[in-house]
Each structure stands twice: as structure tokens, then as C-alpha cells.
Amino acid sequence: MADFTDSPFCRLIRECGGRAVIFREMLAAEAIVRGNARTISYLDFDAIERPLVQQLFGSNPESMAKAAEVVMQKSKPDGIDINMGCPVYKAVSNFNGASLMREPNKAAAILSALKSTHNVPFSVKTRLGWSKPDEVIEFAQILEQAGADALEIHARTKLQGYSGQADWKAVKKVVDKVKIPVLVNGDIVDPKSALKALEESGAQGILIGRGALGNPWIFNRVEKVLAGKPDPGEPNLEDRLKGLKRHAELQIEAYGEKGLVKLRKHFPWYFKGIPGFRQFRAAAVQVASLDDLDRLIKTIIESARQSQ
Ligand SMILES: Cc1cc2nc3c(=O)[nH]c(=O)nc-3n(C[C@H](O)[C@H](O)[C@H](O)COP(=O)(O)O)c2cc1C
């Protein structure tokens, strides 16, 4: 997830017991080919983050193949994923992301070009369609023929954006048509929704997005339940804030003090549902050191105790 699933967050997921394959945020193939230092720095990862898949976006098969070469030389992820589902204007106006659903020949050419580079799995992340939820059925078959090793489907159309409910049942129509593994995505936020999404879609796996933000424990919980073990449950407030503190330490390790400024976008996710959090918002956006964060955490815990 762009701006979120960087190395510190992925390390934290591992420390919280999650063993799932991690998909790192999408990177622009063109920027990698140009040697853009900032984009290239996003390829760094710690061995503990494996198994890990690097996602790329772009619309030019040649640049995508060149970018894959750089990625394999630099970080050797366990797989490469291609974004064919991002609905934002910046992506679709450049004919990548979700707009590739409307250009299946180009999408297939991208896959073929990538497949000729390295022998790692190449997967595609897409949606149910541009405007209709059954468009993905034909698109998925074209991708499979072009060599896709797996598909992840966000169960909404491009035009839906993030509105409405993810339609897990619509993914079943793809699962029934292709032989490659399909992962269902959208609105999976806990073990219960994970089980339901798997049941309704018949998919071989799930992909969790926003449900992991401020909640790096989710993978361990879902993995346990899928393995038939008891649900460890949601962490309590103190454990949640301990997780945030650990996230902050990992941010500092990776980025120095400015790591805490970069961490601020995670705060609303960690604080979601804490009663009365609004009153701490001003302090939260000013956190610039671990001491500031400690003070904020203490105040939140005190306030929660008093309101009990
Ligand atoms: C902040 C944010 C960043 C995202 N970045 C990416 C990305 O880099 N690549 C991608 O394939 N999808 C990205 N997505 C979409 C999610 O992967 C996912 O498909 C979508 O949020 C629906 O699943 P969810 O309900 O589990 O979040 C992003 C979503 C959000 C909210």
C-alpha cells in the first residue's frame, strides 16, 4: 500500500507473528528505469520481511521488463506483482493501473515482457472491472494465457473506487474460469470476514489492505484461525500503543528522527476507536521524538483509565 507498507511496517508485521506473503507498495517502473534514487531506495528491505512481493506499475512493456531487471538485481523479491487496478487519476491518465483493464492486449504484452526476464512468480492485482463487475472474467483469462502466476482481485470496479461493499461472490466467477491461484481482496478486516470472503469467493487466498493499518496483528490472528487454532483476539489498548511505540522505533532505525514525522499518517489508524481520541489529535500531529510519543501514549492510557 502506497506510503504505508514500507520496511519498518513490514518488519513490525513479522514481529507481531504474521507469516503471510507481504506485498510491498507499488513503484513506478519508469522511475526505476531512470534510476530515481528515492524510488530505488524503496526497494530496500530486511530479510525478515520475506516472503515478499514487489509491486510495479507502468504501461510500457519494455520499461516494465527493464524495471523488473533492476528490482531483481537490487533486492531479489520472491515475486513481482503488476498493478492493474489502481483507480487514481495519476495512474489511469498515464494508461497504467486500472486503465490496463481496458487494454487487455497491452496488459498481456506487459506480462509477456516480464516473464521473459526472470523466473520468479509474476502476479497481477486488478479489480472486478472498469464499470461492470463481470469484466474481470475475460480479462483474467487473458492474463492467465499471457503467463500470470496468480491474480489478486479487489472486489469492486474502478468506477466504484472504494464505495459500497466488496462483492466477494463476483470473484467466484473468475475462480471458476482460471487454473491459477486467485486471492480475494476488499473489506477483509478480521478472521470472520476472512473466512466469509474465502467461502463466498472460493478463492485460494486473501489479500488484506486497510485492515492491516494500525493493526499489524491481523495477519497472526487470521493465520491462526485459518489453521484451525483459537483467535488470539484484538490487542487491548496498552498492547496497541506498545505496538505503535515499536513501530516508531523501527521508523527511527530506518529513517532517523524524521521517521516519526513519516509515522504520523499511521496515527489515525492506531487510534481508531479509542474513545475521546479527538482531544489528543493536536498533540499527535506534533510528535517529533520518542519522548513526545511516550507522553502522548501515557496521556491516552491515563484518560482511558479515568473514563472506565
Ligand atoms: C492508502 C492506500 C494505499 C494503497 N496502495 C496500493 C498499492 O500500492 N498497490 C495496490 O495494488 N493497491 C493499493 N491500495 C489498494 C489496496 O491494496 C486494496 O486493494 C484496497 O484498499 C481494498 O482492500 P482493503 O479493503 O483490504 O483495504 C491502496 C489502498 C489504500 C487505502
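Being a predicted model, the structure only gives us computed values, none of them experimental.

1. Let's talk about the overall build of the chain
Line of reasoning, step 1. Along the chain, the regular secondary structure elements total 15 helices and seven strands.
Line of reasoning, step 2. Relative to the globule expectation of 19 Å for 308 residues, the C-alpha radius of gyration of the chain, 20 Å, shows essentially globular dimensions.
Line of reasoning, step 3. By principal-axis analysis of the C-alpha atoms, the chain measures approximately 60 × 45 × 35 Å.
Line of reasoning, step 4. In the chain, which comprises 308 residues, the proportion classed as buried is 40%.
Line of reasoning, step 5. Long-range pairs, those at least 24 residues apart, make up 69% of the contacts in the chain with a sequence separation of at least 6.

2. Focus: the sheet that holds strand 3 (residues 79–84)
Pairing between sheet strands relies on hydrogen bonds along the backbone, with the strands arranged either parallel or antiparallel.
Line of reasoning, step 1. Strand order in the open sheet made by the seven strands is 1-2-3-4-5-6-7, with parallel pairing throughout. Unpaired on one side and paired on the other, strand 1 (22–28) and strand 7 (205–207) mark the two borders of the sheet. Ignoring strand direction, the axes of neighbouring strands in this sheet form an average angle of 30°.
Line of reasoning, step 2. Where strand 4 (residues 122–129) meets strand 5 (residues 150–157), six bridges bridge the pair, whose relative direction is parallel. What sits directly across from K125, in strand 5, is E152.

3. Describing the packing of helix 6 (residues 104–115) against helix 7 (residues 135–145)
Line of reasoning, step 1. Taken N-terminus to C-terminus, the directions of helix 6 and helix 7 make an angle of 30°; their axes are 9 Å apart at the nearest point. In this view, helix 6 runs roughly parallel relative to helix 7, as classed from their interaxial angle. Classified by chirality, the crossing of helix 7 by helix 6 is right-handed. Between helix 6, through P104, A107, A108 and L111, and helix 7, the contact on the second element is made entirely by F139, I142 and L143.
Line of reasoning, step 2. Here the contact of helix 6 with helix 7 is composed, by residue class, of seven nonpolar, no polar and no charged.

4. A word on the environment of G129
Line of reasoning, step 1. Looking at where G129 falls in the secondary structure, it is placed in strand 4.
Line of reasoning, step 2. Along the chain, G129 and A284 lie 155 residues apart, while their C-alpha atoms are 39 Å from each other.
Line of reasoning, step 3. Beyond its immediate chain neighbours, meaning those up to four positions away, G129 contacts M101, D134, E135, V136 and T157.

5. Some thoughts on the packing of helix 11 (residues 237–255) against helix 15 (residues 290–306)
Line of reasoning, step 1. Running from N to C, helix 11 and helix 15 point in directions that differ by 170°, and their axes come no closer than 11 Å. By the angle class used here, helix 11 and helix 15 are roughly antiparallel. Between helix 11, through L237, E238, L241, K245 and A248, and helix 15, the contact on the second element is made entirely by L290, L293, I297, I300, I301 and A304.

6. A closer look at the domain arrangement of the chain
Line of reasoning, step 1. Looking at the assigned domains, one finds that the chain contains domain 1 (7–226) and domain 2 (237–306).
Line of reasoning, step 2. Grouping the amino acids of the side of domain 1 that touches domain 2 by side-chain chemistry returns six nonpolar, two polar and two charged.

7. Quick look at the pairing of strand 6 (residues 182–185)
Line of reasoning, step 1. Across the two faces of strand 6 the burial is the same, with V182 and V184 and L183 and N185 all buried.
Line of reasoning, step 2. Of the strand pairs in this sheet, strand 5 and strand 6 are connected by four bridges, and their pairing is parallel. Across the sheet, residue I153 finds its bridge partner in strand 6, namely V184.

Calculation rules
Residues numbered from 1 in each chain as written. Predicted model: local features only at pLDDT ≥ 70, side-chain atom pairs only at ≥ 80, totals over all residues. Helix = DSSP H or I, 4+ residues; strand = E, 2+ residues; numbered from the N terminus. Rg over C-alpha atoms; globule rule 2.2 N^0.38 Å. Buried ≥ 20, exposed ≤ 12 C-beta atoms within 10 Å, placed from the backbone. Contact = placed C-beta atoms within 7 Å. Pairing = 2+ DSSP bridges. Axes fitted to C-alpha atoms, helices over the stretch in contact; angles between N-to-C directions. Parallel < 35°, antiparallel > 145°, perpendicular 65-115°, else oblique. Left-handed = near helix turned anticlockwise from the far one by under 90°. Nonpolar A, V, L, I, M, F, W, Y, C, P; charged D, E, K, R; others polar. Domains from an automatic or database assignment.

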